[in-house]
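Listed here are the chains, written in short residue letters.
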Amino acid sequence: MTRTDGYLLDNRQNEAGQRFDAFATVFDPTTFRHFESFGIGSGWRCWEVGAGGTSVVSWLAKKVGPTGRVLATDIDTSWVASAARSPVEVRVHDVGAEEPPGEGFDLVHARLVLVHVPDRERALCSMIRALRPGGRLLVEDADPALQPLLCPDEYGPEQQLANRLRKGFRSLLAERGADLAYGRKLPRLLREAGLSGVEADAYFPVASPACAALETATVQQIRDRLVGAGLATHEEIDQHLTNVASGSMDLATAPMISAWGRKK
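Structure report, in brief.

Calculation criteria
- Residues numbered from 1 in each chain as written.
- Predicted model: local features only at pLDDT ≥ 70, side-chain atom pairs only at ≥ 80, totals over all residues.
- Heavy atoms only, no water.
- Phe/Tyr/Trp six-rings, centres within 6.5 Å; stacked < 30°, edge-to-face > 60°.
- Helix = DSSP H or I, 4+ residues; strand = E, 2+ residues; numbered from the N terminus.
- Buried < 20%, exposed > 50% of the residue type's maximum accessible area, 1.4 Å probe, protein only.
- Core = buried A, V, L, I, M, F, W, Y, C linked by side-chain atoms within 4.5 Å.
- Contact = heavy atoms within 4.5 Å.
- Pairing = 2+ DSSP bridges.
- Axes fitted to C-alpha atoms, helices over the stretch in contact; angles between N-to-C directions.

Quick look at the packing of aromatic side chains now. Taken as a whole, this structure holds 7 aromatic pairs when the rule is applied. On the basis of an interplanar angle of 80° and a centroid distance of 6.3 Å, the ring pair of Phe 20 and Trp 79 is categorised as edge-to-face. Of this pair, Phe 20 sits in helix H1 (residues 15-37) while Trp 79 is found in the loop between strand S2 (69-74) and strand S3 (88-92), placing the two residues 59 residues apart along the sequence. Taking relative accessible area as the criterion, Phe 20 reaches 14% and is therefore assigned buried. Among the aromatic residues, those joined into a ring-pair cluster are Phe 23, Phe 27 and Tyr 203.

This is the structure:
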């Protein structure tokens with residue numbers, strides 16, 4: 001991710017760890033399936049951009065083994081620092097403002113990162129520049145504009161409240177420069193950047209306990225911002241969190257679009 005005082009979901013907040021755990025449960029199987037399709041194995045050199053938590057980095061480390069390398073970067077490495085042992089190196093780095101932290105990578109990956117980076121074009125070019133010829137890029141980002149609802153089945157007041165709060169969350173993200181329609185652009189952007197064999201798919205969970213955990217952590221993290229912007233009251237947020245905790249609502253995420261290609 002990139003340094004910005006306006007970043008809404010700060011890694012330094014306590015809820016960040018809960019969000020990383022939920023992301024791992026919801027999205028790791030999709031991410032790892034793509035890695036496996038690339039044939040990742042011993043000796044690979046990988047750059048995990050905006051690493052956040054440890055789940056992806058630890059999985060990559062097991063795959064590449066002692067002869068490989070996994071570079072994990074983020075603007076705040078407090079949550080991923082515990083993974084810093086061979087073959088993992090953890091480094092503070094701003095993908096949208098700094099030069100690539102290396103070159104010759106077999107795999108570069110970013111998940112739910114670029115949508116938040118102000119200079120997304122520079123970040124994407126940097127990631128591609130870091131690849132060796134024939135290396136793989138996998139970019140995975142949400143597209144909240146494609147599916148904006150927390151409760152696609154809006155059949156009662158609990159679901160209506162949930163969707164109103166989700167709309168407020170999107171407003172806060174947009175105010176801070178997030179591109180809420182970025183995910184759908186990825187295949188085109190990878191082709192325009194000169195990658196070959198570009199493909200993409202999307203994952204869209206409709207009901208999952210991990211989605212409920214993610215929602216709880218996210219709302220707790222942005223509570224004061226929602227209230228301060230007049231988008232919700234503390235009472236409404238408390239009611240929503242109670243509704244989520246009841247387990248009676250089907251909660252979704254925005255589709256995560258995965259796009260990948262090979263550097264020529």
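Moving on from the model shown.
Judged by nonpolar contacts, the single largest core of 25 residues is most densely connected at Trp 47, Val 108, Leu 114, Leu 124, Met 127 and Leu 137. Elements supplying a minimum of two residues to this core: strand S1 (45-49), strand S4 (105-111), helix H3 (120-129), strand S5 (131-142) and helix H5 (186-192). Excluding its chain neighbours within four sequence positions, the residues that come into contact with Leu 137 are Val 108, Leu 124, Met 127, Ile 128, Leu 131, Leu 190, Leu 195, Ala 259, Trp 260 and Gly 261. Phe 35, Ala 61, Val 64 and Leu 107 belong to the second largest nonpolar core, which has 21 residues in total.

With respect to topology, 7 strands assemble into an open sheet ordered S3-S2-S1-S4-S5-S7-S6, the strand pairing being mixed. Edge positions in the sheet fall to S3 and strand S6 (196-203), since each of these pairs with one other strand and no more. Recorded for the sheet is a direction-independent mean angle of 15° between the axes of neighbouring strands. Strand direction decides the pairing type here: S1 and S2, joined by 5 bridges, are parallel. What sits directly across from Arg 45, in S2, is Arg 69. Packing against the sheet, H1 makes contact with S4, S5, S6 and strand S7 (256-262), and its axis sits at approximately 150° to S4.

Note that every value here comes from positions in space, so none of it alone points to a role or purpose.
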